[in-house]
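Topology and contacts: notes
What follows is each chain in one-letter form.
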Amino acid sequence: MQTYFFDIHWNGEMLQDEDGAAHFDEGSALYYARVIANRLARGADEAAIRIHIRTVDGRPFAIVSPTPRGPLPVNQARVRAIVERDLDRRRMAEVAAA
């Protein structure tokens, strides 16, 4: 189990997570951050919400925004597919190296 901290950035304000949450892997932490962002985005300006994930040693891990509502424009869908493909390749390379 790894501990991750989820800092909420919303409309220029920041709420820093001081407790953190334990997760089995990076994917679980990313999913948790997306759930937080989506819940905060209900009835709010989703473009103003970002969840910054930090590791135990304080290093930034990821920045997560809410899932866009409605279908994605074609260009965004292509970019997302490329990013997901590259992340999968990176994970496979890490597993092979271990």
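A brief look at the structure comes next.

Definitions and cut-offs
Residue indices begin from 1 for each chain and proceed along its sequence in written order. The predicted origin of the model limits local features to residues at a pLDDT of at least 70 and limits the giving and counting of side-chain atom pairs to 80 or more, whereas totals for whole chains, interfaces and linings rest on all residues. The side-chain figures draw on all heavy atoms in the structure; neither hydrogens nor water molecules are used. The salt bridge definition used is simple: a Lys or Arg side-chain nitrogen within 4 Å of an Asp or Glu carboxyl oxygen. Relative accessibility thresholds used throughout: buried, under 20% of the residue-type maximum; exposed, over 50%; partly exposed, between the two (1.4 Å probe, protein chains only). The criterion for strand pairing is that DSSP finds at least two bridges linking the strands in question. Helix and strand definitions follow DSSP, with helices as H or I runs of at least four residues and strands as E runs of at least two, each counted in order from the N terminus. The span expected for a helix works out to 1.5 Å for each residue beyond the first. Comment: arc refers to directions from the helix axis out to C-beta atoms. The contact rule is simple, with two residues in contact once any of their heavy atoms fall within 4.5 Å. Note that patches include only residues with greater than 30% relative accessible area and no salt bridge, and the join distances are 9 Å for like charges and 5 Å for nonpolar side chains (Val, Leu, Ile, Met, Phe, Trp, Tyr). Here the open area of atoms and residues is found with the Shrake-Rupley method and a 1.4 Å probe, where only the protein chains shown may cover a residue. Only rings of Phe, Tyr and Trp enter the pairing, Trp through its six-membered ring, and a pair is recorded when the two centres are within 6.5 Å. The plane angle decides the type: under 30 degrees is stacked, over 60 is edge-to-face, the rest tilted.

1. Thoughts on the pattern of salt bridges
Applying the stated criterion across every chain, the model contains five salt bridges. The partner of R85 in a salt bridge is D86, and the shortest N-O contact between them spans 3.2 Å. Judged by its relative accessible area of 37%, D86 falls in the partly exposed class.

2. Details of the pairing of strand β1 (residues 2-10)
On a regular strand, one side chain projects to one face of the sheet and the next to the other, so that they alternate. Sheet topology places β1 next to strand β3 (residues 21-23); three bridges connect them, and they run antiparallel. Its bridge partner being in β3, Y4 is matched across the sheet by A21. Two elements, β1 and strand β4 (residues 49-55), share seven bridges in a ladder whose sense is antiparallel. Paired with F6 across the bridge in β4 is I53. Where β1 folds back onto strand β2 (residues 13-15) in an antiparallel hairpin, the turn is made up of two residues, including N11, whose phi is positive at roughly 50 degrees.

3. Here's the deal with helix α1 (residues 26-41)
In a regular helix each residue adds 1.5 Å, so 16 residues correspond to 22 Å; α1 covers 23 Å between its end C-alpha atoms and thus fits that length. Every buried residue of α1 is accounted for by A29, A33, A37 and A41. With its buried residues spanning 110 degrees around the axis, α1 presents them on a single face. Among the exposed residues of α1, those oriented more than 90 degrees off its buried face are Y31 and R39. Those residues of α1 hidden inside the fold are in contact with β1, β3, β4 and β5 (60-64).

4. Digging into a nonpolar patch on the surface
Taken together, the side chains of V79, V83 and L87 present a nonpolar region at the surface, about 220 Å² in accessible area. Here V79 lies in helix α2 (residues 74-97).

5. A look at the packing of aromatic side chains
The geometry of an aromatic ring pair is captured by the separation of the ring centres together with the interplanar angle, meaning the angle of the planes. Here the structure, examined in full by the defined rule, presents two aromatic pairs. Arranged with centres 5.5 Å apart and planes meeting at 45 degrees, the rings of Y4 and F61 form a pair that is tilted. Residue Y4 is found in strand β1, and its partner F61 is found in strand β5; the two are separated by 57 residues along the sequence. Here Y4 falls in the buried class, since its relative accessible area comes to 2%. You can call F61 partly exposed: its relative accessible area is 26%. Note on F6 and Y32: the rings are 4.8 Å apart at their centroids and 65 degrees apart in plane angle, and the pair reads as edge-to-face.

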